[in-house]
Amino acid sequence: NVRCILSGENFGYGKGNNIGLKKVKTKYALILNPDAELFPETLNQFLIAAKEKPDFAIIGPGIVDDKKNPIKNINVETAKAVKGFAMFLNLSEFKEVGFFDENFFFFLEEIDLCKRLLKKNKKIYHCPGIPVYHEGGHSHDTSFNYEMELSRNWHWMWSTFYYKKKYTNYFYAFFSLFGKFIRSFFKMIFFTVIYNKKKQTMYYARFSGLFNSMIGKKSWYRVKSLFD
């Protein structure tokens, strides 16, 4: 009962999940990042929470640090947003909202989705007692640490400007991030002058991500592609 969809390229978190969600025929769907791990009781506890709060759009679990001692009590609380590593979706609640905004490659896409749901008076719940282990930022090979930091810096800046522009306007987003834009530019110049290549490239990534978002260019950066 497993179907593997090969997209042919890396579409990012939002579009990648959308491809799968549009093919789901069941009432519920579970988004689970590849660096997340379920416990034997996890799925059943999602279903228990769903029965307790049948009006839910999303239920977010807790993050477990110790695999041997997961929290087991079910305590459902309302939330404005949940983390994207694991999201239990009631698909009927998404008909008028849709799924993820595919303009985001990564960062803020789950925040954006939750915000759109709340605007339509949909319910989001956080259930810290549902255990999911999440490796997070340490799940990749350490030899890629620098490239991953470049990618995070580029996409964080791109997504932040896009998100602000989406929910306010261009000028508010521009002026609220103008200080970061200028600081990134001058730090990039400074570290170029003192021949600190790593920091120069890091601030270039921040500057480039923000600049590309400001001029309306799509989120294009991928690991190791900054100078391609």
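What this report covers is the structure whose coordinates are included nearby. (Residues numbered from 1 in each chain as written. Predicted model: local features only at pLDDT ≥ 70, side-chain atom pairs only at ≥ 80, totals over all residues. Heavy atoms only, no water.)

Take the pairing of strand β5 (residues 86-90) next. Burial analysis of β5 places 5 of its 5 residues in the buried class, which makes it a mostly covered element. Because side chains alternate across β5, one face comprises the buried residues Ala86, Phe88 and Asn90, and the other comprises Met87 and Leu89, equally buried. Sheet topology places strand β1 (residues 28-32) next to β5; 5 bridges connect them, and they run antiparallel. The residue bridging Tyr28 from the neighbouring strand is Asn90, located in β5. As paired strands, strand β3 (residues 56-64) and β5 are joined by 2 bridges and run antiparallel to one another. Looking across to β5, one finds that Ile58 is bridged to Leu89. (Buried < 20%, exposed > 50% of the residue type's maximum accessible area, 1.4 Å probe, protein only. Helix = DSSP H or I, 4+ residues; strand = E, 2+ residues; numbered from the N terminus. Pairing = 2+ DSSP bridges.)

Moving on to helix α5 (residues 170-193). The terminal C-alpha atoms of α5, which comprises 24 residues, lie 33 Å apart, in line with the 34 Å expected from a rise of 1.5 Å per residue. Within α5, burial applies to Ala173, Leu177, Phe181, Ser184, Met188 and Phe191. Its buried side turned inward, α5 meets α4 (145-167) and α6 (197-214). Directly beyond the C-terminal end of α5, a positive phi value near 60° is found at Tyr195. (Expected span 1.5 Å × (residues − 1). Contact = heavy atoms within 4.5 Å.)

Among the surface-exposed residues, Lys180, Arg183, Lys187 and Lys199 lie close enough to one another that they form a single positively charged patch. Considering each element in turn, the positive patch owes the most residues, 3 residues, to α5. If you trace the backbone, Lys199 turns up in helix α6. We classify Lys199 as partly exposed; its relative accessible area is 43%. (Patch = residues over 30% accessible without salt bridge, like charges linked within 9 Å, V, L, I, M, F, W, Y side chains within 5 Å. Areas by Shrake-Rupley, 256 points an atom, 1.4 Å probe, with all protein chains shown as cover. Salt bridge = Lys/Arg side-chain N within 4 Å of Asp/Glu carboxyl O. Lys, Arg positive; Asp, Glu negative; His and termini not counted. Charge placed at Lys NZ, Arg CZ, Asp CG, Glu CD.)

A word on unusual backbone geometry. For Phe107, which is not glycine, the phi torsion reads 85° and is therefore positive. Along the chain, Phe107 falls in the loop between β5 and α3 (109-119). With a relative accessible area of 24%, Phe107 lands in the partly exposed category. At Leu108, a residue that is not glycine, the phi angle is positive and equals roughly 75°. Summarising the element assignment, Leu108 is placed in the loop between β5 and α3. By relative accessible area, Leu108 is classed as buried at 15%.

Applying the stated criterion across every chain yields a total of 27 aromatic pairs. Measuring from ring centre to ring centre gives 5.7 Å for Trp154 and Tyr221, while their planes differ by 35°; the resulting arrangement is tilted. Here the residue Trp154 occupies a position in helix α4, and Tyr221 occupies one in the segment after α6, the gap between them amounting to 67 residues. As far as burial versus exposure is concerned, Trp154 and Tyr221 are alike and both buried. Relative to Phe191, the ring of Phe190 has its centre 5.1 Å away and its plane inclined at 70°; by these criteria the two rings are edge-to-face. (Phe/Tyr/Trp six-rings, centres within 6.5 Å; stacked < 30°, edge-to-face > 60°.)

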